[in-house]
Amino acid sequence: MKVSYNWLQSFLKNKLPAPEKLAEILTMSVFEVGEIKKVGRDRVLDIDVLPNRAHDCLSHWGVAREVAAITGNWSSSIGAVLKKNCSNGAAPIKVEVKNKDLCPRYCARVITDIKVGPSPKWLKERLEVIGQKSINNIVDAANYVMFETGQPLHAFDMDKVGGSPRRGLPPRIIIRRAKKGEKIITLENEKYELNSDILVIADTKEPLAIAGIKGGKKAEIDQGTKDIILEAANFNPQNIRQVSKKLGLRTESSLRFEAGLDANLASEAIDRAADLIQKIAGGEIVPGLIDVYPKKIRPKKIKLEVEKVKRLLGVEIPKKDIIKILESLSFKIQDTKYKILNTIIPTWRLDITLPEDLIEEIGRLFGYEKIPAQLPSAALIPPERNDSLVYENKIREILVSAGLSEVYNYSFISEKDIITRPVLVELENPVSREQKYLRPSLMPNLLKNIKDNLRFFNEVGLFEIGKVFKTEDKRQKTEVSEEKKLAGVFALKIKSEGTREFYQLKGVVDSLLNKLRISDVWYDDANNKQQTTNNKQFYHSARRAEIKVGDDLVGWLGEISPEILERLDIKPRVVGFEIDFEKLVALATEEREYLPPSKYPAVVRDIAVLVEPSARVEEVLNLIETAGGPLVQDVDLFDMYEGENIPDGKKNLAFHIVYQAEDRTLTDKEVNDLHAKIVWTLENEGGWEVRK
């Protein structure tokens, strides 16, 4: 806002500091001053009034109050003293406010027999210094008072307002919502179409002004104007902001109403303007102020603890200095004898609502530069360890180092993304028709990512950590539950031999579980299990496995079903896994008993077994471990194959068997005998063929 140095001086008793010094004072205490420009015999300060103080400081009077509080230099007020015979009586107009929520207060005065002409030189200069064009003495007086007090005003030619006393018809002002299709031509001859969201000042026939924003052409002040209706009102800030934005019409008036104004300012400003108009344009102020003010705004009262000032600012300010600072800002203090100051807040300070607001005012006028810098005294309590977050980051590092890339997908899917038939959670208010459901699995979006990335890369490996959603029936009520999952997919654009993709991704899963120090991991053949879980439906019926830790199922690994790939138009073979993230974290964080490794060497032998497709890996593992006894330290499945060189109706399972003793080095004879026993058990008890 542009502020005249000479205009500010007119409010203050003593001489102001030099413009440069004044700019420094304002910048340090309240508002930053951007530029000082010389205009004639005056200086103009470009002050950046912040939004939280626009309601009381977008005016010379408001800035003068701040300067007075900071410098202790204050003498005059702007309240106009009207003649006693102008204060009371019945004004010859009618005012009706139909929307009191949008217009909390409306004041009007009538001035008759005025003479419209050029403004006096001093008034022109004051307006031109701050960049405002002089129009005529009536309009200039209204603008002058607005820049002086912060209260916008408007003057209507009374003879053009729905009747006139000269014609025996009392003018009638109506504050209402515009009717759909109504139009108004503004003072600049711009035409606007109105609707019911817009508040207007109207007579009995049509709108005269867009409330709080712009006057209309119909009741414009011109050289023939003799009688005027002077208006000062208070409008709803939100409505003014919305209408101003909608019409693309921002004015000095709308700028002030948008910030919110003190409703009590309207009567002071209209009296000041009426007094000024009478002095520069003659005329008679008709007795009686029309004032529609149904809910009067009263000063607030805030209790301020003197001790709290010290706690928040970190410096002790004497009580008498606190009172002096508050009183310099026009706050009234009651009961100064006690440690709690009952502070009455002037109605123009809309930003003061809490004791902390008062303490901020005390701090800035005391001087922030006087408050010593010191470390706060507080107990630093470390946050509670979040295992889920810790392992989420650790899993990311492991999978990225294994060559996979992380993706972040939306939790929403569309109907065309439903590649299995689970019970879906439908959103009541979806963002769009394409995001209508919550995802039951991470796989649908990951497969879409695979398809998109295979256009650019020959090898794609992706993973995601996220939540999936499902419905549960509880106490005859359907509830939505969510689970955190880890899923990954891998594909090669170049056709590979055998099951390379499967074992490559299995290696990634093995590495992940190993680095999380999860033991007793094994893969169970799930081909013949009578389960219909959503996870199982994603995978090839003969190329899938359950990921187990002990007897606990933690996830699935397998080749994605060809039917699903065909539906998504994905040509290469794709393998994937999905693991219960919470189970993974629980297994990774559980207490473990560590045993020292045997100091004696281990012996590794491989064994390949031909079994029926229906045979489960778990059955073969159980026989090997039972036959081998305590000298079998570990058994790992490293290959599962069906196809060329394998008899029809058979599949090949290949295992590493680790032999090791805790108290001695095993001899070749011991290992050979034990291995032979395992072979015999598999062939005679299991009925399978061990390949020699």
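The rules behind the values
- Per chain, the residues get numbers from 1 upward, laid out in the order the sequence is written.
- The predicted origin of the model limits local features to residues at a pLDDT of at least 70 and limits the giving and counting of side-chain atom pairs to 80 or more, whereas totals for whole chains, interfaces and linings rest on all residues.
- To get the side-chain values, all heavy atoms of the structure are used, and hydrogens and water are removed first.
- At least two bridges found by DSSP between two strands are what make those strands a pair.
- Under the DSSP-based scheme used, a helix requires at least four consecutive residues in state H or I and a strand at least two consecutive residues in state E, with every element numbered from the N terminus.
- Any residue with an atom within 4 Å of a point lines the site, the site being either a cavity, points on a 1 Å grid over the protein atoms alone where a 1.4 Å probe fits but cannot get out, or a pocket, an open set with protein on both sides within 12 Å along at least 5 of 7 lines.
- Grid points are joined across faces, edges and corners, and a volume is the space filled by probe spheres set on the points.
- Three residue categories are used. Nonpolar comprises Ala, Val, Leu, Ile, Met, Phe, Trp, Tyr, Cys and Pro, charged comprises Asp, Glu, Lys and Arg, and polar comprises the others, including Gly.
- Throughout the structure description, domain borders are defined by an automatic or database domain assignment.
- Angular values range over 0 to 180 degrees, each being the angle between N-to-C directions of two axes fitted as lines to C-alpha atoms, with helices fitted over their stretch in contact.
- With respect to orientation, any angle under 35 degrees is reported as roughly parallel, any angle over 145 as roughly antiparallel, any angle of 65 to 115 as roughly perpendicular, and every other angle as oblique.
- Contacts were defined at the residue level, with two residues in contact if any of their heavy atoms lie within 4.5 Å.
- Note on terminology: pairs of cysteine sulfur atoms within 2.5 Å are recorded as disulfides.
- Relative accessible area decides the class of each residue, using a 1.4 Å probe on protein chains only: under 20% of the type maximum gives buried, over 50% gives exposed, and in between gives partly exposed.
- Definition used in this section: a nonpolar core is a set of buried Ala, Val, Leu, Ile, Met, Phe, Trp, Tyr and Cys residues joined via side-chain atoms within 4.5 Å.
- Distance thresholds for patches are 9 Å for like charges and 5 Å for nonpolar side chains (Val, Leu, Ile, Met, Phe, Trp, Tyr), applied to residues having over 30% relative accessible area and no salt bridge.
- Only the protein chains shown count as cover for residues, and all accessible areas are computed by the Shrake-Rupley method using a 1.4 Å probe.
- Salt bridges are identified by distance alone: a Lys or Arg side-chain nitrogen within 4 Å of an Asp or Glu carboxyl oxygen.
- Within this scheme the basic residues Lys and Arg register as positive and the acidic residues Asp and Glu register as negative, but His and the chain ends are omitted.
- By convention, the point assigned to a charge is CZ for Arg, NZ for Lys, CD for Glu and CG for Asp.

Spatial strand order, 20-22-21: 3 strands in an open sheet with antiparallel pairing. The open sheet has two edge strands with one neighbour each: strand 20 (412–413) and strand 21 (425–426). Judged from the 2 bridges that link them, strand 20 and strand 22 (residues 437–438) form a sheet pairing that is antiparallel. Paired with F412 across the bridge in strand 22 is L438.

Moving on: the layout of surface pockets. Space inside the largest pocket adds up to approximately 1100 Å³. Every residue lining the largest pocket is counted, 28 residues in all, and those nearest its centre are S519, D520, V521, Q633 and D634. Residue assignment for the lining of the largest pocket shows that the elements contributing at least two residues are helix 15 (500–515), strand 25 (521–525), helix 18 (617–628) and strand 30 (632–641). No other element matches strand 30, which puts 6 residues into the lining of the largest pocket. In terms of residue class, the lining of the largest pocket is made up of 12 nonpolar, 7 polar and 9 charged. Mapped onto the domain boundaries, the lining of the largest pocket takes at least three residues apiece from domain 4 (387–589) and domain 5 (603–691). Each pocket or cavity is described by its volume, and for the second largest pocket that value is around 740 Å³.

As a further point, take the packing of helix 2 (residues 19–29) against helix 4 (residues 60–71). Their axes nearest at 11 Å, the elements helix 2 and helix 4 cross at an angle of 90°. Relative to helix 4, the element helix 2 lies roughly perpendicular. Contacts from L22, I25, L26 and S29 in helix 2 reach V67, I70 and T71 in helix 4. Across the contact of helix 2 with helix 4, the residue classes tally to 5 nonpolar, 2 polar and no charged.

Before going further, it helps to examine the state of the cysteines. A disulfide bridge is the covalent bond that connects two cysteines by way of their sulfur atoms. Per the counting criterion, the structure on display carries 0 disulfides. Distance from the sulfur of C103, which forms no disulfide, to the nearest cysteine sulfur (C107) is 9.1 Å. Given a relative accessible area of 0%, C107 falls into the buried group.

All right, on to the nonpolar core then. Counting residues in hydrophobic clusters, the biggest one holds 61 residues, and the most contacted among them are L486, F655 and L682. For this core, the element with the most residues is helix 15, which contributes 7 residues. In this structure, this core is formed jointly by two domains, domain 4 (387–589) and domain 5 (603–691), each of which donates at least three residues. In contact with F655, other than residues within four places in its own chain, are R605, D606, I607, V617, V620, L621, I624, V635, D636, L637 and F638. Ranked by size, the runner-up nonpolar core spans 57 residues in total, among them F31, L58, A64 and I228.

So, on to the domain arrangement of the protein. Each assigned domain of the protein is listed here: domain 1 (2–71), domain 2 (83–292), domain 3 (300–370), domain 4 (387–589) and domain 5 (603–691). Distance from the C-alpha centre of domain 3 to the C-alpha centre of domain 5: 85 Å.

A surface patch of negative charge is lined by D520, D551, E625, D634 and D636. In this structure, D551 sits in the loop between strand 26 (539–549) and strand 27 (552–560). Residue D551 is classed as exposed on the basis of its relative accessible area of 73%.

Turning our attention to the sheet that holds strand 18 (residues 340–345). Spatially, 3 strands are ordered 16-18-17 in an open sheet, and the strand pairing comes out antiparallel. The two strands at the open ends of the sheet, each matched to only one other strand, are strand 16 (300–305) and strand 17 (332–334). Taken over all neighbouring pairs, the strand axes of this sheet differ in orientation by 30° on average, direction set aside. Note: strand 17 against strand 18, 3 bridges, orientation antiparallel. Bridge pairing in strand 18 links Q334 to N342. Helix 10 (residues 306–313) contacts strand 16 and strand 18 of the sheet and is inclined by roughly 70° relative to strand 16. Here helix 12 (residues 355–366) sits on the sheet in contact with strand 16 and strand 18, set at roughly 70° to strand 16.

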